[in-house]
Amino acid sequence: MQTLTVATGSRVEMIDITQEVAEAIRRENVSEGLAVVFVPHTTAAVTINENADPDVVRDIIAETNKIVPFEDRYAHSEGNSAAHIKSCLVGPSLTLIVSGGRPVLGTWQAIYFCEFDGPRRRKVLVTAR
Ligand code: ZN
């Protein structure tokens, strides 16, 4: 298993980790198979979306913040319920097809680490079989 470190710089942020994940899969020495990307955090997530136009990520963040507002009389006393909810909605893991030692992605697809309660130092776990 490979452990990546992601340093986030904002409260809510999507960081393109495609190259780091591809490098981690390469280190796993799997040519044809599956890779799992897993975020071991309750206020972060991982997803795949477009990286060609940065406005796409901007819109995802802006609309997600509307769907799950930062303040909404949440019961959780830590004050980061919005981050926990967004983490649930986006999800903690991805399964990727590995072919030729690389993750198979569409032309416009990138792997994004989603920070919902930053800035923090985060981990992303990657394994391939
Ligand atoms: Zn919390």
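Conventions adopted
- Residues numbered from 1 in each chain as written.
- Predicted model: local features only at pLDDT ≥ 70, side-chain atom pairs only at ≥ 80, totals over all residues.
- Heavy atoms only, no water.
- Pairing = 2+ DSSP bridges.
- Helix = DSSP H or I, 4+ residues; strand = E, 2+ residues; numbered from the N terminus.
- Axes fitted to C-alpha atoms, helices over the stretch in contact; angles between N-to-C directions.
- Contact = heavy atoms within 4.5 Å.
- Donors = N, O, S within 2.8 Å, 3.2 Å for Na, K, Ca; no water.
- Tetrahedral: all angles 85-135°; square planar, octahedral: opposite > 155°, others 65-115°.
- Patch = residues over 30% accessible without salt bridge, like charges linked within 9 Å, V, L, I, M, F, W, Y side chains within 5 Å.
- Areas by Shrake-Rupley, 256 points an atom, 1.4 Å probe, with all protein chains shown as cover.
- Salt bridge = Lys/Arg side-chain N within 4 Å of Asp/Glu carboxyl O.
- Expected span 1.5 Å × (residues − 1).
- Buried < 20%, exposed > 50% of the residue type's maximum accessible area, 1.4 Å probe, protein only.
- Arc of directions from axis to C-beta.

(A) Quick look at the sheet that holds strand S4 (residues 44–50). Across the sheet, which stays open at both edges, the three strands sit in the order S2-S7-S4 with antiparallel pairing between neighbours. Strand pairing shows two members of the sheet lacking a second neighbour, strand S2 (13–16) and S4, which therefore form its edges. Going from strand to strand, the sheet's axes swing by 35° on average, the running direction of each strand aside. Bridging between S4 and strand S7 (residues 109–115) involves seven bridges; their strand directions are antiparallel. By the bridge assignment for S7, Ile48 is matched with Ile111. Contacts from helix H3 (residues 81–90) reach S4 and S7 within the one sheet, and its direction differs from that of S4 by about 50°.

(B) Layout of the coordination of the zinc ion. Bound to the zinc ion are the protein donor atoms His76 (NE2), Glu78 (OE), Asn80 (OD1) and His84 (NE2), situated 1.9 to 2.2 Å from the metal. Taken together, the four donor atoms surrounding the zinc ion define angles of 90 to 148° at the centre, an arrangement classified as irregular. Site description for the zinc ion: donor spacing in sequence, H-x1-E-x1-N-x3-H.

(C) The arrangement of the sheet that holds strand S5 (residues 93–99) in detail. Taken in spatial order, the five strands line up as S1-S8-S3-S5-S6 in an open sheet, and their pairing is antiparallel. The open sheet has two edge strands with one neighbour each: strand S1 (2–7) and strand S6 (102–103). Strand direction decides the pairing type here: S5 and S6, joined by two bridges, are antiparallel. Looking at S6, one finds that Ser99 is bridged to Arg102. This element, helix H1 (residues 18–27), spans S1, strand S3 (33–38), S5, S6 and strand S8 (121–128) of the sheet and lies at about 165° to S1.

(D) Representation of a nonpolar patch on the surface within the structure. Side chains of Ile67, Ile85, Leu89 and Val90 sit close together on the surface and give an oily, nonpolar patch of about 370 Å² of accessible area. Per-element tally for the nonpolar patch: the top contributor is H3, with three residues. Along the chain, the position of Val90 falls in helix H3.

(E) A look at helix H2 (residues 54–67). Under the 1.5 Å per step criterion, the end-to-end length of H2 is 20 Å for 14 residues, consistent within 8% with the ideal 20 Å. Turning to H2, its buried residues are Val57, Ile61 and Thr64. Along H2, the residues classed as buried sweep out an arc of 70° about the axis, all on the same side. Residues Arg58, Lys66 and Ile67 are exposed on H2 and point more than 90 degrees away from its buried face. On its buried side, H2 packs onto S2, S4, H3 and S7.

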